[in-house]
Amino acid sequence: MSKEKLLPETGEDIHAYKDDEHKQEDDLEHTCLHISEVKLTPKISIKDLHRYTDSGDLILSEISLDISAGSVLGIIGPSGSGKSTLLRAINRLWEPPPASVFLDGKDITMLDVISVRRRVGMLFQLPALFDGTVADNLNYGPSLKKEKLSLEQMEELLKYADLDAAFLSKSVVGLSVGQSQRVALARTLANNPEVLLLDEPTSALDPVSAQNIEESILDLKMQRGLTIVLVSHSLKQVQRIADLVCVLVNGNIVEITSPSNLQHSTHPMVQKLLDAS
Ligand SMILES: Nc1ncnc2c1ncn2[C@@H]1O[C@H](COP(=O)(O)OP(=O)(O)OP(=O)(O)O)[C@@H](O)[C@H]1O
């Protein structure tokens, strides 16, 4: 139906119509603003995060960065530069100062810690599994919510972790470090996290398994829309899979850039990392 046919005949009503039209435009503007605001809110936002040891030594200094939803942030830097400490702040493995780490715009110190850890899953460098079978381990998180994974779901989780379905009935005792690390990845994914924190997830893997895990990380981003923060010692790995690279040196961010731009960095540590890679 055309607008002309809808126009009322009296002047007063015309104003009413125009007001209505403006209201609709305003509503539309509001909706658009709302949608763009939602899109612009980073999944994780870190503002002036700092940490000192009990003896007053600096571990992290004034760290600020935003991580977009559905992206992979790679964190690299020399040993002891604060990478794991930064990662651990994001799911409150240590308590960051108030208003320094935000999840979907909410200060994580104001959220229930269990729900933060469910939404933000973490895979440790040396993961500890519970006694029992691989299936028991996968079901641990869901069982806390009185849920049980189907065989199909468990197989899918193992696939992301580059493990064969035959592992489900195996006891975790006797698994190699690399296999344990992959079971731990599947167990983390079983909680359906929105964010995945990975602390050197391929450090104990052979090159082929490492490549498969890298592909899984990209699948998790593309298929499940996960936001992923990856700490790695391999600059090449970060360049292969990250959307953004953050370089930490002595607890400070010295560079945040795209993987392709990293080579243009003038920071000596970045040059050193590039030369060594
Ligand atoms: N709870 C703590 N108490 C005292 N010192 C700490 C604590 N946590 C971390 N540190 C120190 O802070 C520094 C950064 O440690 P962190 O593990 O974050 O570094 P990293 O970059 O992940 O190192 P790596 O690459 O070797 O794993 C190190 O010097 C470490 O000894």
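Before reading further, recall that the structure is shown in the block above.
All of these numbers come straight from a predicted model, not from anything done at the bench. (Residues numbered from 1 in each chain as written. Predicted model: local features only at pLDDT ≥ 70, side-chain atom pairs only at ≥ 80, totals over all residues. Heavy atoms only, no water.)

Draft legend 1. How the structure looks around the sheet that holds strand S5 (residues 106–107). Reading across the sheet, the four strands line up as S2-S1-S4-S5 and stay open at both edges, with antiparallel pairing between neighbours. On the outer flanks of this sheet lie strand S2 (58–67) and S5, each paired with one strand and no other. (Pairing = 2+ DSSP bridges. Helix = DSSP H or I, 4+ residues; strand = E, 2+ residues; numbered from the N terminus.)

Draft legend 2. The arrangement of the site of the ligand in detail. Neighbouring the ligand are Thr53, Ile59, Pro78, Ser79, Gly80, Ser81, Gly82, Lys83, Ser84, Thr85 and His233. One of the side-chain nitrogen or oxygen atoms of serine 79 is found 2.5 Å away from an oxygen atom of the ligand. With respect to the ligand, the side chain of lysine 83 contributes an N or O atom lying 2.8 Å from an oxygen atom. Burial of the ligand by the protein chains amounts to 57% of its free accessible area of 630 Å². Among the elements that line the shell around the ligand, the one with the most residues is helix H3 (residues 83–89), at three residues. (Near = heavy atom within 4 Å. Polar contact = N/O pair within 3.5 Å; in protein donor to acceptor, adjacent residues only side chain to side chain. Areas by Shrake-Rupley, 256 points an atom, 1.4 Å probe, with all protein chains shown as cover.)

Draft legend 3. Representation of the packing of helix H5 (residues 134–144) against helix H7 (residues 177–189) within the structure. Remark: H5 packs on H7, axes separated minimally by 7 Å, with the N-to-C direction vectors making an angle of 30 degrees. Both H5 and H7 take part in a crossing whose hand is right-handed. Across the interface between the two elements, Val134, Asn137 and Leu138 of H5 pack against Val183, Ala186 and Arg187 of H7. Residues belonging to the contact of H5 with H7 are distributed by class as follows: four nonpolar, one polar and one charged. (Axes fitted to C-alpha atoms, helices over the stretch in contact; angles between N-to-C directions. Left-handed = near helix turned anticlockwise from the far one by under 90°. Contact = heavy atoms within 4.5 Å. Nonpolar A, V, L, I, M, F, W, Y, C, P; charged D, E, K, R; others polar.)

Draft legend 4. Quick peek at the sheet that holds strand S10 (residues 252–257). With mixed pairing, the six strands of this open sheet are ordered in space as S6-S7-S8-S3-S9-S10. Strands with a single pairing partner mark the edges of an open sheet, and in this sheet they are strand S6 (120–123) and S10. Between one strand axis and the next, the sheet turns through 15 degrees on average, direction left out of account. In the sheet, strand S3 (residues 72–76) pairs with strand S8 (residues 227–231) via four bridges, with the strands oriented parallel. Along S8, the bridge assignment pairs valine 72 with isoleucine 228. Strands in contact with helix H10 (residues 268–276) are S3, strand S9 (244–249) and S10; relative to S9, the strand with the most contacts, it is inclined by about 115 degrees.

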